[in-house]
Amino acid sequence: MSGVNKVILVGHLGKDPEVRHLENGVNVASFSLATTETITNKNGEKQDLTEWHNIVVWRGLADVAEKYLKKGKQIYVEGKIRTRSWDDKEGVKRYTTEIVADSFTMLGKKEDGGNSNSGNMNTSIPSASEIVNSAGGEDDLPF
């Protein structure tokens, strides 16, 4: 049986996306995402716990991220966990764990660039994957 590597996050961007344009014409964007949960500690006090995630998006999603995502915006992200390694300048092996996003949807108030509609259920901003797919898709997969 195969394993499952699926991540779903809802959080706020910690910074504007950093977009790199690679030599082969592929774009990649990266940004941090904060997820916060509220717990009650042993003294009965509410306490917020924030976890920071490094998010990476490729190709068409990177273009959408560059155009629409800004620090503080709330988004819904689906993707997978990836850990990669490299050797630094001193030859020490370094590791980082990232979320490679397959899709994201902008959330929040409409004036903030999200898709909440203040009572108007017929108006919405499309998800990033809908924008990419309407532009012809992001890969050459035959299925």
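Let me sum up the structure you'll find in this document. (Residues numbered from 1 in each chain as written. Predicted model: local features only at pLDDT ≥ 70, side-chain atom pairs only at ≥ 80, totals over all residues. Heavy atoms only, no water.)

What about the pattern of salt bridges?
All chains considered together, the criterion is met by six salt bridges. A salt bridge links Glu98 to Arg84; its shortest N-O distance comes to 2.9 Å. Residue Glu98 is found in strand β6 (residues 93-106), and its partner Arg84 is found in strand β5 (residues 74-87); the two are separated by 14 residues along the sequence. The exposure class assigned to Arg84 is partly exposed, which follows from its relative accessible area of 42%. One salt bridge in this structure joins Lys93 and Asp87, with 3.8 Å as the shortest N-O distance. (Salt bridge = Lys/Arg side-chain N within 4 Å of Asp/Glu carboxyl O. Helix = DSSP H or I, 4+ residues; strand = E, 2+ residues; numbered from the N terminus. Buried < 20%, exposed > 50% of the residue type's maximum accessible area, 1.4 Å probe, protein only.)

What about the nonpolar core?
Residues Ile55, Val57, Leu69, Ile75 and Phe104 are the most contacted members of the largest nonpolar core, which totals 19 residues. Those elements that provide at least two residues to this core are β1 (7-13), β3 (27-40), β4 (46-58), α1 (59-68), β5 and β6. The contact partners of Ile55, leaving out residues within four places of it in the chain, are Leu9, Ala29, Ser30, Phe31, Leu33, Val77, Ile99 and Ala101. (Core = buried A, V, L, I, M, F, W, Y, C linked by side-chain atoms within 4.5 Å. Contact = heavy atoms within 4.5 Å.)

Comments concerning the pairing of β5
Pairing geometry for β1 and β5, over six bridges, is antiparallel. Residue pairing for β5: Val7 is matched across the bridge by Gly79. As paired strands, β5 and β6 are joined by 13 bridges and run antiparallel to one another. Looking at β6, one finds that Thr83 is bridged to Thr97. The antiparallel hairpin formed by β5 and β6 contains five residues in its connecting segment, where Gly91 sits at a positive phi of about 85°. (Pairing = 2+ DSSP bridges.)

That's the geometry; what it means functionally is another story.
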